[in-house]
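Report on the structure
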Amino acid sequence: MNIDEKLIEQIVRNVVNNVVTPKSAGSASPAQPAGGPLFDTIEEAIAAAKIAQKQWVDGGKDIRYGVVEQIRKVSLANAEKWAKAAVAETGMGRVEDKIIKNIVAAERSLGPEDLEIKSYSRCCNDNGSLTVDMAPYGVIAAITPMTNPAPMVINNTIIMISAGNSVVYLPHPSAIKVTLDSLVVVHDAIVAAGGPRNLITSTKTPNIDNAKIAMSHKDVSLICATGGPAIVDIAMRSGKKVLGAGPGNPPAVVDDTADIARAAREIIYGASFDNNILCNEEKILICMRAVADKLLGELAKGNCYVLNNEEAQRVTNLVVKNGEIDKKLMGKDCAVILKQAGINVRDDLRLAVFVANDEMHPLVQHEQLMPVLPLLVVDSFEEAVRMACRVEHNFKHTAMIHSNNIERITYFAQEINTTTVQVNGSSQRTGGDLHNGGTSWTIAGATGEGCTTPRSFTRQRRLSIYGSMNFVK
Ligand code: NAD
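Everything numeric here is computed off the predicted structure, so don't read it as measured data.

Parameters at a glance
Residues numbered from 1 in each chain as written. Predicted model: local features only at pLDDT ≥ 70, side-chain atom pairs only at ≥ 80, totals over all residues. Heavy atoms only, no water. Helix = DSSP H or I, 4+ residues; strand = E, 2+ residues; numbered from the N terminus. Buried < 20%, exposed > 50% of the residue type's maximum accessible area, 1.4 Å probe, protein only. Pairing = 2+ DSSP bridges. Axes fitted to C-alpha atoms, helices over the stretch in contact; angles between N-to-C directions. Parallel < 35°, antiparallel > 145°, perpendicular 65-115°, else oblique. Contact = heavy atoms within 4.5 Å. Nonpolar A, V, L, I, M, F, W, Y, C, P; charged D, E, K, R; others polar. Phe/Tyr/Trp six-rings, centres within 6.5 Å; stacked < 30°, edge-to-face > 60°. 1 Å grid on protein atoms, 1.4 Å probe; cavity = no way out; pocket = protein on both sides within 12 Å on 5 of 7 lines; lining within 4 Å. Points joined across faces, edges and corners; volume = space filled by probe spheres on them. Polar contact = N/O pair within 3.5 Å; in protein donor to acceptor, adjacent residues only side chain to side chain. Near = heavy atom within 4 Å. Domains from an automatic or database assignment. Buried area = accessible area lost by both parts, 1.4 Å probe. Salt bridge = Lys/Arg side-chain N within 4 Å of Asp/Glu carboxyl O.

**A few points about unusual backbone geometry**
With an omega of 5 degrees, the peptide bond between G36 and P37 qualifies as cis. Inspection of the secondary structure puts P37 in the loop between α1 (3-16) and β1 (38-39). Of note, the phi angle at N417 is positive, near 60 degrees, even though the residue is not glycine. Here N417 lies in the loop between α17 (406-416) and β17 (420-423). Here N417 falls in the partly exposed class, since its relative accessible area comes to 45%.

**Remarks on the sheet that holds strand β20 (residues 458-466)**
Spatial ordering of the open sheet is given by β2-β3-β20, a layout of 3 strands whose pairing is antiparallel. Looking at strand neighbours, the two that pair on one side only are β2 (118-121) and β20, the edges of this open sheet. Ignoring which end each strand starts from, the neighbouring axes of this sheet average 15 degrees apart. One ladder, built from 4 bridges, connects β2 with strand β3 (residues 128-136); its direction is antiparallel. What sits directly across from K118, in β3, is V132.

**Description of the packing of helix α5 (residues 95-108) against helix α7 (residues 149-162)**
It is at 8 Å that the axes of α5 and α7 come closest, and there the two elements cross at 5 degrees. Our classification of the angle between α5 and α7 gives roughly parallel. Contacts from K101, N102, A105 and A106 in α5 reach A150, P151, I154, N155 and I158 in α7. For the contact of α5 with α7, the per-class residue count stands at 6 nonpolar, 2 polar and 1 charged.

**Quick word on the packing of aromatic side chains**
Scanning the entire structure with this criterion turns up 2 aromatic pairs. Plain terms: the ring middles of F381 and Y411 are 6.5 Å apart, the flat faces sit at 50 degrees to each other, and that makes the pair tilted. In this pair, F381 is assigned in helix α16 (residues 381-391) and Y411 in helix α17, connecting sequence segments 30 residues apart. By relative accessible area, which is 34% here, Y411 ends up partly exposed.

**Observations concerning the sheet that holds strand β7 (residues 222-226)**
Strand order in this open sheet of 6 strands is β1-β6-β5-β4-β7-β8, and the pairing throughout is parallel. Each of the sheet's edge strands pairs with one partner strand only, and the pair in question is β1 and β8 (241-245). Both strand β4 (residues 139-143) and β7 contribute to a ladder of 4 bridges, which runs parallel. If you follow A142 over to β7, its bridge partner there is C224. This element, helix α2 (residues 42-58), spans β1, β4, β5 (166-170) and β6 (200-203) of the sheet and lies at about 160 degrees to β5.

**Focus: empty space enclosed by the protein**
Using the criterion set out here, one finds 1 cavity of 30 Å³ or more in the structure. For the largest cavity, the calculated volume is near 50 Å³. If you trace the largest cavity, you find it lined by W82, A83, A86, K98, K101, N102, T147, N148, P149, A150 and P151. Elements represented by at least two residues in the lining of the largest cavity include exactly α4 (79-90), α5 and α7.

**Side note on the side chain of N303**
Along the chain, N303 falls in the loop between α12 (289-301) and β11 (304-306). Within the structure, the side chain of N303 is placed 3.0 Å from the backbone oxygen of D348, a separation counted as a polar contact. Excluding its chain neighbours within four sequence positions, the residues that come into contact with N303 are I268, R346, D348, L349, R350 and L351.

**Digging into the site of the ligand**
If you check the shell around the ligand, you find 27 residues, and the closest are T144, M146, G246, E367 and I443. Backbone polar atom of G228 to an oxygen atom of the ligand: 2.8 Å apart, as the coordinates give it. For the shell around the ligand, the per-class residue count stands at 15 nonpolar, 11 polar and 1 charged. The residue makeup of the shell around the ligand includes at least three contributed by each of domain 1 (24-246) and domain 2 (251-428).

**Here we look at the domain arrangement of the chain**
Assigned domains of the chain: these are domain 1 (24-246) and domain 2 (251-428). The gap between the C-alpha centroids of domain 1 and domain 2 is 33 Å. The interface of domain 1 with domain 2 comprises 12 residues on the first partner and 14 residues on the second. Taken over both partners, the interface formed by domain 1 and domain 2 buries close to 1,100 Å², and the fraction arising from carbon and sulfur atoms is 47%. When residues of domain 1 are sorted by the area they lose upon contact with domain 2, M92, R94 and D97 head the list and together hold 46% of the total. One can count 5 salt bridges joining domain 1 with domain 2. Close ionic contact of D274 with K101 constitutes a salt bridge, the shortest N to O distance being 2.6 Å. Run the count over domain 1 and domain 2 and you get 9 residue pairs in polar contact (both at pLDDT 80 or more). Among the residues forming the side of domain 1 that touches domain 2, the class breakdown is 2 nonpolar, 5 polar and 5 charged.

Next comes the structure, spelled out in structure tokens:
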């Protein structure tokens with residue numbers, strides 16, 4: 001084959017693969033394997049994602065905007081379908097709330113605009129320049145939870161590929177159908193907008209060993225582990241760069257200066273959203289004694305049932321097994337849980353609250369992931385803060401405070417040290433929009449990156465020129 005034939009073959013391959021023309025000569029990409037984005041083995045999925053990642057960066061940055069727009073479009077079009085599929089498959093959450101989750105992930109995940117290049121003139125002893133740019137890691141292995149299957153694919157794909165990476169997904173086996181369905185649709189949107197095939201990949205069937213293989217694979221540059229403590233712990237011991245987005249146990253403190261009616265409304269909305277399966281939702285209420293009865297009264301006025309002591313014990317006996325939360329009841333509707341405990345409530349009940357007498361109550365200590373909330377009563381604001389810090393377990397995740405005292409709010413935020421502190425609003429008010437920080441579905445409290453955006457998935461690189469290029473005298 002002479003050189004022209006080779007060139008023609010490459011061009012045809014690029015057209016077939018929907019790959020944009022490489023910007024620089026000499027950077028022709030290796031050929032993609034047949035098939036994809038779902039492969040028989042994790043090794044094949046990684047190999048294809050590696051090729052696609054090179055094609056993606058070779059194609060330049062401009063195309064990323066159009067690709068991300070196409071992902072937003074198809075995700076919005078499928079928001080309802082994926083919400084229904086997720087509830088049907090996982091048995092967790094509420095369709096109406098999952099639709100909102102998919103829409104938020106589609107509309108508010110930051111894209112390539114999040115990356116910024118910084119340039120400094122007159123560095124190097126007043127005679128030179130410095131450019132700091134954000135480079136992709138390469139292939140990311142993304143481990144995803146069953147609690148947010150589709151929004152995780154939408155959000156992780158947008159933010160990770162915006163930064164120039166490709167992604168190999170390792171979905172939760174209990175959410176495999178909806179995760180892979182959304183993955184294929186998002187993949188096809190990337191290709192339709194001119195991106196390479198297999199920029200996001202996975203395997204046809206889930207296998208718990210895939211995570212182990214990915215974590216030690218030479219072509220995987222970064223592990224993004226979103227889930228409970230076990231998987232974050234495993235990932236952090238892999239020896240690779242890890243973004244660990246682990247559990248949360250967010251406390252919501254209510255003090256005696258708060259607008260109690262508003263606090264109750266916000267708590268009901270936040271703590272019942274998608275049946276409390278989001279990591280950042282209110283899991284524990286801590287209220288000052290002076291306003292505790294008022295708060296319980298306001299909660300009862302809303303779509304919330306306040307359990308008496310005996311009912312609370314029945315619900316606790318139902319949902320706690322051997323000191324742990326019964327996974328079978330996680331994400332179930334409040335009415336389903338209460339009825340199983342023999343408490344007759346309306347079917348559309350959103351939340352139940354009970355006064356817990358002990359901080360060591362399992363629903364205080366464990367992330368319950370269900371719309372049943374313990375409320376701890378304390379005598380002082382300082383005690384509320386100390387307790388909130390203890391029950392948050394130093395996950396550095398999320399905390400809420402309802403107060404109108406700015407000194408107390410400041411003190412709370414400094415002490416609790418979480419990634420997000422939400423003031424006078426529900427947990428679900430924390431998500432930024434496209435112009436205000438963006439939404440994050442991978443809150444990396446464990447490893448410190450916090451609410452992730454495209455720049456979280458970049459390596460900082462510097463180009464330093466000594467002796468010239470400080471072009472303004
Ligand atoms: P999970 O820990 O059961 O599973 C999470 C992922 O890890 C899944 O893909 C699962 O297959 C994998 N996994 C778990 N154990 C593994 C093992 N031993 N080997 C290989 N893979 C393993 O969590 P879940 O029930 O799917 O999700 C709920 C949890 O995730 C909650 O704790 C929630 O707080 C947390 N979460 C955190 C964030 C965040 O941004 N910090 C976001 C969503 C969910």
